[in-house]
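# What the coordinates show
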Amino acid sequence: MTQAITGKSIRKPSPPWTSADVRTDFPILTSTDRPVAYLDNAATSQKPDAVIAATARYYKSMNANIHRGVYRLSVEATEAYESARAKIAAFIGAPHPREVIFTRGCTEAINLVAMTWGLQNLKAGSTIVLTQMEHHSNIVPWQMVAARTGARIVVTPVSPQGELDLAAYERLVADGAALVAVTHISNVLGTINPVAELAQIAHRHGALILLDGAQSVAHMPVNIAELGCDFFAFSGHKMCGPTGIGALWARGDLLDAMPPYQGGGDMISTVSFEGSTWNIVPHKFEAGTPDIAGAIGLSAAVDYLSRLEMARIAAVEADLLASAEKALRTIPGLRIIGEARQKASVISFLLDGIHPHDIGTILDQEHVAVRTGHHCCQPLMDYYHIPATARASLAFYNTPADIDALVSGLHRVIEVFR
Ligand code: PLP
């Protein structure tokens, strides 16, 4: 038994734990009035009791604004917020907590880099290398910066299986790229990109590399130092934490040189009408009152995931993925989009002659939650010449029964539409 931030003792399941062992930690999954096979984990994860309790405990017993108060509540809230930063830094193998900037999520983390480092360093003729499989969050901020600086965007192609063309990538980077921005794991294809290799190639040619870790931090061990990236962006809500909180990790020397992102309280050192000076990193990038409860909730999520151990989570999800893909391949007319050799637990698929939205609607009637649409990856849909897919994305708390529900739901879809 270990003592959690919630003050409540939390069961550490004995290894090797199974999905069924941990499922009971998630109240929404065990609700009997609204049972659901929740297979939309790439959009957002469910929240364990420990995270819900930690957030509530902050509001019930510690609520005060941080960094400015000398009284007990404010000091406690500040300590909890800053210790969340330290915990998150350790979780991703960041060399120093000050290099972790709290943001609203992955999207804001990427925008922060684009609007600070990007506007400061990119100019007419600079090249930004993206990939065909990027989420809109890792495309649009760069288009906005490109429009303001005259930088150009080039795109690394993917193969029909959903793997990056590494030779083409190296050619694009070698052609004088300033920045590479690439997703660690594709939210559509499930492809786990060889990001350490991509980082080495980027650095060999003098480019920096930003990794979009939205889909990786919750599904595999992530160690920034080993990946060798310069920026790493992720969201708390996809890793069992609350919505509205996430983080950017960036190399300390880059953060020191970058201008502030937003102006306001806490990010300044001095203010006068003649001009202002900036606070030190990380505060320089955290203007205004942050999501204190969110940071504390995310810290509890990190505790929770750490107790389960990320390597075990990855192994459990790999087994689930293998059995789900095997079962789906028995369904007539089903085509999986994304068959990379290194794949995380995301399965996009099509059913011959049936629109993905119809698949999603019938599955919902069968109490199976999957996502349908372009998944914020329209350029990838264009590459496959499809408007949308249905997507089942698994987490460690999904059980074989969830996969059975998906498969029988899909047979129901076929009955209705064929
Ligand atoms: N990048 C990827 C690969 C994603 O899957 C997502 C969300 O689905 C995002 C970025 C954006 O994350 P958020 O909306 O939490 O900022």
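See above for the structure.
Everything quoted here is computed from the prediction, not taken from an experiment.

The next point concerns the sheet that holds strand 8 (residues 208–212). Sheet strands pair via backbone hydrogen bonds, and the direction of the pair is either parallel or antiparallel. Strand order across the open sheet formed by seven strands is 4-10-9-8-7-5-6, with mixed pairing between neighbours. The open sheet is flanked by strand 4 (100–103) and strand 6 (152–156), the only strands paired with a single partner. Geometrically, the sheet is characterised by an average inter-axis angle of 20° between neighbouring strands, direction not taken into account. Bridge count between strand 9 (residues 231–235) and strand 10 (residues 246–250): five bridges; the pairing is antiparallel. Along strand 10, the bridge assignment pairs Phe-232 with Trp-249.

To continue, consider the packing of aromatic side chains. By the definition in use, this model includes 11 aromatic pairs. Relative to Phe-102, the ring of Tyr-81 lies with its centre 5.0 Å away and its plane at 45°, an arrangement referred to as tilted. One end of the pair, Tyr-81, is in helix 4 (residues 72–91); the other, Phe-102, is in strand 4, with 21 residues separating them in the sequence. Assigned by exposure class, Tyr-81 and Phe-102 land together as buried. Residues Trp-117 and Phe-231 carry aromatic rings whose centres are separated by 6.1 Å and whose planes lie at 65° to one another, so their mutual orientation is edge-to-face. Taken together, the residues Trp-117 in helix 5 (residues 106–121) and Phe-231 in strand 9 connect sequence positions 114 residues apart. Residue Trp-117 is classed as buried on the basis of its relative accessible area of 7%. An aromatic cluster of three or more residues is present, and its members are Trp-17, Phe-26, Tyr-304, Phe-396 and Tyr-397. Above the plane of the ring of Trp-17 lies Arg-312, whose end atom (NZ or CZ) is 5.5 Å from the centre.

As a further point, take the site of the ligand. Taken together, 13 residues form the shell around the ligand, and within it Thr-107, Asp-212, Ser-235, His-237 and Lys-238 come nearest. Within the side chain of His-135, an N or O atom sits 3.4 Å from an oxygen atom of the ligand. Within the contact set of the ligand, a nitrogen atom lies 2.5 Å away from a side-chain nitrogen or oxygen of Asp-212. Its free accessible area being 390 Å², the ligand has 85% of it covered by the protein chains. Residue composition of the shell around the ligand, grouped by class: three nonpolar, eight polar and two charged.

A few words on unusual backbone geometry. Between Val-281 and the following residue, Pro-282, the backbone shows a cis peptide bond with an omega angle of 10°. Tracing the sequence through the fold places Pro-282 in the loop between strand 12 (275–278) and helix 11 (292–308). At Cys-240, a position not held by glycine, the phi torsion is positive, near 75°. Here Cys-240 shows up in the loop between strand 9 and strand 10. Phi is positive for His-367, which is not a glycine, with a value near 65°.

This paragraph deals with the sheet that holds strand 17 (residues 389–393). In spatial order, the strands read 13-14-17-16; together these four strands make up an open sheet with antiparallel pairing. With one partner strand each, in any of the chains shown, strand 13 (334–337) and strand 16 (371–373) form the two edges of the open sheet. The mean inter-strand angle of the sheet, taken between neighbouring strand axes irrespective of direction, is 30°. Here three bridges tie strand 16 to strand 17, and the two strands are oriented antiparallel to one another. What sits directly across from Gly-373, in strand 17, is Thr-389. Where helix 12 (residues 310–328) meets the sheet, it contacts strand 13 and strand 14 (346–351), and its direction lies at approximately 5° from that of strand 14. Against the sheet, helix 15 (residues 400–417) touches strand 13, strand 14 and strand 17, its axis set at about 15° to strand 14.

This part covers the packing of helix 12 against helix 15. Contact geometry for helix 12 and helix 15: axes closest at 10 Å, N-to-C directions at 20°. By the angle between their axes, helix 12 is roughly parallel relative to helix 15. Relative to helix 15, helix 12 is oriented so that their crossing is right-handed. Contacts between helix 12 and helix 15 pair Leu-320, Ser-323, Ala-324, Ala-327 and Leu-328 from the former with Pro-400, Ile-403, Leu-406, Val-407 and Leu-410 from the latter. Residues belonging to the contact of helix 12 with helix 15 are distributed by class as follows: nine nonpolar, one polar and no charged.

What counts and what doesn't
Residues numbered from 1 in each chain as written. Predicted model: local features only at pLDDT ≥ 70, side-chain atom pairs only at ≥ 80, totals over all residues. Heavy atoms only, no water. Pairing = 2+ DSSP bridges. Helix = DSSP H or I, 4+ residues; strand = E, 2+ residues; numbered from the N terminus. Axes fitted to C-alpha atoms, helices over the stretch in contact; angles between N-to-C directions. Phe/Tyr/Trp six-rings, centres within 6.5 Å; stacked < 30°, edge-to-face > 60°. Buried < 20%, exposed > 50% of the residue type's maximum accessible area, 1.4 Å probe, protein only. Lys NZ or Arg CZ within 6 Å of the ring centre and 35° of its normal. Near = heavy atom within 4 Å. Polar contact = N/O pair within 3.5 Å; in protein donor to acceptor, adjacent residues only side chain to side chain. Areas by Shrake-Rupley, 256 points an atom, 1.4 Å probe, with all protein chains shown as cover. Nonpolar A, V, L, I, M, F, W, Y, C, P; charged D, E, K, R; others polar. Contact = heavy atoms within 4.5 Å. Parallel < 35°, antiparallel > 145°, perpendicular 65-115°, else oblique. Left-handed = near helix turned anticlockwise from the far one by under 90°.

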